[in-house]
Amino acid sequence: MQRTAATILALALCSVASAETLTGHGGPVMGLDVAPDGRVATASFDNSVGLWANGSPRWLEGHAAAVNAVLFTGPETLASAADDFDVLRWRLDAEDPERLDGHEGKVMGLAAAGSLLASASWDGTIGLWPADGAPRFLDGHDGPVNAVAFTPDGGALYSASADGTIREWDPASGAERRTLVDHGFGVNEIVLAQEAGWLAYGAVDGAVRVVDLQSGEEIADLSAGRRPILALERAPDRSVLAVGDGEGYILVADAADWSVRHDFRATDHGPIWALGFAPSGATLYAAGLDSAVHIWPLANLGDAEAMPTGAESFLRDPDTMSNGERQFQRKCSICHTLSADGGRRAGPPLGGLFGRPAGSVEGYRYSDALAESDVVWTAESIDALFDEGPDHYVPGTKMPMQRIARPEDRADLVAFLRRATE
């Protein structure tokens, strides 16, 4: 008996939904997108893009730092954006992506209209990347750009920035047309519904507002007093708008009258970084502080179990750890394992650390700065790394910028690492 495409899709979606989580990343999932056929793409702090079909991943490796956004741009193409300042354009039938470089800051958001790709960067610009030809960079915001959205026909592009504004651009000429919103606080996320005549945005002060696309006047205020807003997603059937915030809540509003359908405490620890919907709109995907994507039937969201993020090692009760272990868990554990197995983390494994030349773990993609350095990891060099900060100790490294100011804390960390990595 032949199965229709719709039946096959329904079976695939049931298979994914029954898994309840998509598990395999080695760090928090920062962004996700769902294709019309039900496949899920994920962007993670572990520097990887995951492509999930029926609950199983394929790993796309190309970025040298945390991946912030991923977007299906066609049946067999997608794009990703990361802290390494790059946008990668992937053909899923090819091994290596096309690297789109030119930004001078982290790339946080992506949008597509036909073959034209747009990127939002913390360098304050919007990149426009045609399928053929040179890129252009739109410059006009007074701060980092966090999100972009095209109208379906590609005739207009909207951008949201830390400068508190949402602006409209002409993609053909690159000219700025107007400022639609001047919120005052940084705007992190936008959702555009041109056919319905509105745009929704979420800001760092917790504001979630829907405005008229022509006048900019407020249509609805969905603010719930929680901040910042980190995720905003409209269901494919256009029925609801989902909001994720820094305090672990997911709010779902009816797009017809803006009443609240659900206000769900999805996690007791940390933020909701990313949201998505299955093609039917009946299933919600969400990612938070742990390394999994959680999947819930939307209709039963109020009765769902929250994300079990309390199991994350960096959330352990500090009173149960020595000071050295506490420093490791808070500063290092999200990127590194203490064993010889890296476990899909953003940083290399630390097993056998002492006496090892920097940049020497086989198979890990180091920055040129660290791979070409003459650093050997000793008590003295580890102390200096956290005293000066990675960006000063090895300029050009992709290690996050952080310091441990107190000498006794650094000494305790070194002692813990010596014991734990032998």
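Residues numbered from 1 in each chain as written. Predicted model: local features only at pLDDT ≥ 70, side-chain atom pairs only at ≥ 80, totals over all residues. Heavy atoms only, no water.

Peer 1: Help me understand the pairing of strand β11 (residues 116-121), please; the structure alone is not making it clear to me.
Peer 2: Along any regular strand, the residues point their side chains to alternate faces of the sheet. By the criterion of burial, β11 is predominantly enclosed, with five of the six residues buried. Of the pairings in the sheet, the one linking strand β10 (residues 107-113) to β11 comprises six bridges and is antiparallel in character. Looking across to β11, one finds that leucine 110 is bridged to serine 119. Between β10 and β11, which pair antiparallel one after the other, the connecting turn spans two residues, and glycine 114 there sits at a positive phi close to 60°. The turn joining β11 and strand β12 (residues 125-129), which pair antiparallel and follow one another in sequence, is formed by three residues; a positive phi near 90° is taken by glycine 124. (Buried < 20%, exposed > 50% of the residue type's maximum accessible area, 1.4 Å probe, protein only. Helix = DSSP H or I, 4+ residues; strand = E, 2+ residues; numbered from the N terminus. Pairing = 2+ DSSP bridges.)

Peer 1: Just to check I follow, could you spell out unusual backbone geometry for this structure?
Peer 2: A negative phi angle is the norm for most residues apart from glycine, just as the trans form is the norm for most peptide bonds. Arginine 227 connects to proline 228 through a cis peptide bond whose omega is -10°. Position of proline 228 relative to the elements: it lies in the loop between β21 (218-221) and β22 (229-234). A positive phi angle, close to 80°, is found at asparagine 47, a residue other than glycine. You can see asparagine 47 is positioned in the loop between β3 (40-44) and β4 (48-53). Even without glycine at this site, arginine 238 takes up a positive phi of about 70°. By relative accessible area, arginine 238 is classed as partly exposed at 48%.

Peer 1: Please clarify how the nonpolar core should be interpreted in this entry.
Peer 2: In a soluble, globular protein the nonpolar side chains are often hidden away together inside. Judged by nonpolar contacts, the single largest core of 21 residues is most densely connected at Phe328, Trp377, Ile382, Phe386 and Leu417. The residues contacting phenylalanine 328, other than those within four sequence positions of it, are Ser333, His336, Leu338, Leu350, Leu413, Phe416 and Leu417. By size, the runner-up hydrophobic cluster in this structure holds 17 residues, among which are Val240, Phe264, Leu284 and Ala286. (Core = buried A, V, L, I, M, F, W, Y, C linked by side-chain atoms within 4.5 Å. Contact = heavy atoms within 4.5 Å.)

Peer 1: Could you clarify how one ought to interpret the domain arrangement of the protein chain in this entry?
Peer 2: Size of an interface, as often reported, equals the accessible area lost when the parts are brought together. When the domains of the protein chain are assigned, the result is domain 1 (20-300) and domain 2 (318-421). Spacing between the C-alpha centres of domain 1 and domain 2 amounts to 32 Å. If you look at the interface, domain 1 gives 15 residues, while domain 2 gives nine residues. With both sides pooled, the region where domain 1 packs onto domain 2 buries about 870 Å², and carbon together with sulfur makes up 47% of that total. Counting the surface domain 1 buries against domain 2, the share from its top three residues, Gly26, Phe45 and Ala64, is 46%. Connecting domain 1 to domain 2 are two salt bridges. Note that arginine 344 is salt-bridged to aspartate 46, the shortest N-O span being 3.9 Å. At the boundary of domain 1 with domain 2, the tally comes to six residue pairs in polar contact (both at pLDDT 80 or more). Each residue belonging to the side of domain 1 that touches domain 2 can be placed in one class, and the counts come to four nonpolar, eight polar and three charged. (Domains from an automatic or database assignment. Buried area = accessible area lost by both parts, 1.4 Å probe. Salt bridge = Lys/Arg side-chain N within 4 Å of Asp/Glu carboxyl O. Polar contact = N/O pair within 3.5 Å; in protein donor to acceptor, adjacent residues only side chain to side chain. Nonpolar A, V, L, I, M, F, W, Y, C, P; charged D, E, K, R; others polar.)

Peer 1: What is the right way to look at the pairing of β22 in this model?
Peer 2: Burial of β22 is extensive: five of the six residues sit out of reach of the surface. Of the strand pairs in this sheet, β22 and strand β23 (residues 240-245) are connected by five bridges, and their pairing is antiparallel. For leucine 232, the partnering residue across the bridge sits in β23 and is valine 243. Here β22 folds back onto β23 in antiparallel fashion, the turn holding five residues, of which arginine 238 has a positive phi close to 70°.

Peer 1: Please clarify how the packing of aromatic side chains should be interpreted in this entry.
Peer 2: Any pair of aromatic rings gets described here by the distance separating the centres and the angle formed by the planes. Per the counting criterion, the structure on display carries six aromatic pairs. On the numbers, 5.5 Å between centres and 90° between planes, the contact of tryptophan 129 with phenylalanine 137 is edge-to-face. Geometrically, the ring pair formed by tryptophan 198 and tryptophan 258 is edge-to-face, given 5.1 Å between the ring centres and 80° between the ring planes. Placement of the pair is tryptophan 198 in strand β19 (residues 198-203) and tryptophan 258 in the loop between β24 (249-254) and β25 (260-265), with a sequence separation of 60 residues. An identical accessibility class is assigned to tryptophan 198 and tryptophan 258; each is buried. Across from the ring centre of tyrosine 249, 3.8 Å away, lies the NZ or CZ of arginine 226, which sits over that ring. (Phe/Tyr/Trp six-rings, centres within 6.5 Å; stacked < 30°, edge-to-face > 60°. Lys NZ or Arg CZ within 6 Å of the ring centre and 35° of its normal.)

Peer 1: What is the right way to read the state of the cysteines from this model?
Peer 2: Here a disulfide denotes one covalent bond, and it connects the sulfur atoms of two cysteines. Inspection of the entire model under this criterion finds zero disulfides. Considering cysteine sulfurs only, cysteine 335 is the nearest to cysteine 332, which forms no disulfide, with 8.4 Å between them. (Disulfide = S-S within 2.5 Å.)

Peer 1: How should I be thinking about helix α6 (residues 407-420) in this particular structure?
Peer 2: Working note: α-helix, 3.6 residues per turn, so residues spaced by three or four point in the same direction. Helix length check: α6, at 14 residues, gives a terminal C-alpha distance of 20 Å against a target of 20 Å (1.5 Å per residue), a fit within 8%. When α6 is considered as a whole, its buried residues turn out to be Asp409, Arg410, Leu413, Val414, Phe416 and Leu417. Taken end-on, α6 shows its buried residues confined to a sector of 165°, consistent with a single buried face. (Expected span 1.5 Å × (residues − 1). Arc of directions from axis to C-beta.)

Peer 1: Teacher, can you tell me more about the pattern of salt bridges here?
Peer 2: If the charged atoms of two oppositely charged side chains come close together, the side chains can form a pair. Tallied over the full model, the rule gives 25 salt bridges. Residue arginine 167 is joined to aspartate 163 by a salt bridge in which the shortest nitrogen-to-oxygen separation is 3.3 Å. With a relative accessible area of 9%, arginine 167 lands in the buried category. Judged by its relative accessible area of 18%, aspartate 163 is buried. With a shortest N-O distance of 3.0 Å, aspartate 383 and arginine 410 are connected by a salt bridge. Taken together, the residues aspartate 383 in helix α4 (residues 379-388) and arginine 410 in helix α6 connect sequence positions 27 residues apart. You can call aspartate 383 partly exposed: its relative accessible area is 24%.

Peer 1: What is the right way to look at the sheet that holds strand β2 (residues 29-34) in this model?
Peer 2: Hydrogen bonds between backbone groups are what pair the strands of a sheet, and the pairing can be parallel or antiparallel. Taken in spatial order, the four strands line up as β2-β3-β4-β5 in an open sheet, and their pairing is antiparallel. Strands with a single pairing partner mark the edges of an open sheet, and in this sheet they are β2 and β5 (56-61). Ignoring which end each strand starts from, the neighbouring axes of this sheet average 20° apart. Pairing between β4 and β5: six bridges, direction antiparallel. When the sheet's bridge partners are listed, leucine 51 is paired in β5 with arginine 58. (Axes fitted to C-alpha atoms, helices over the stretch in contact; angles between N-to-C directions.)

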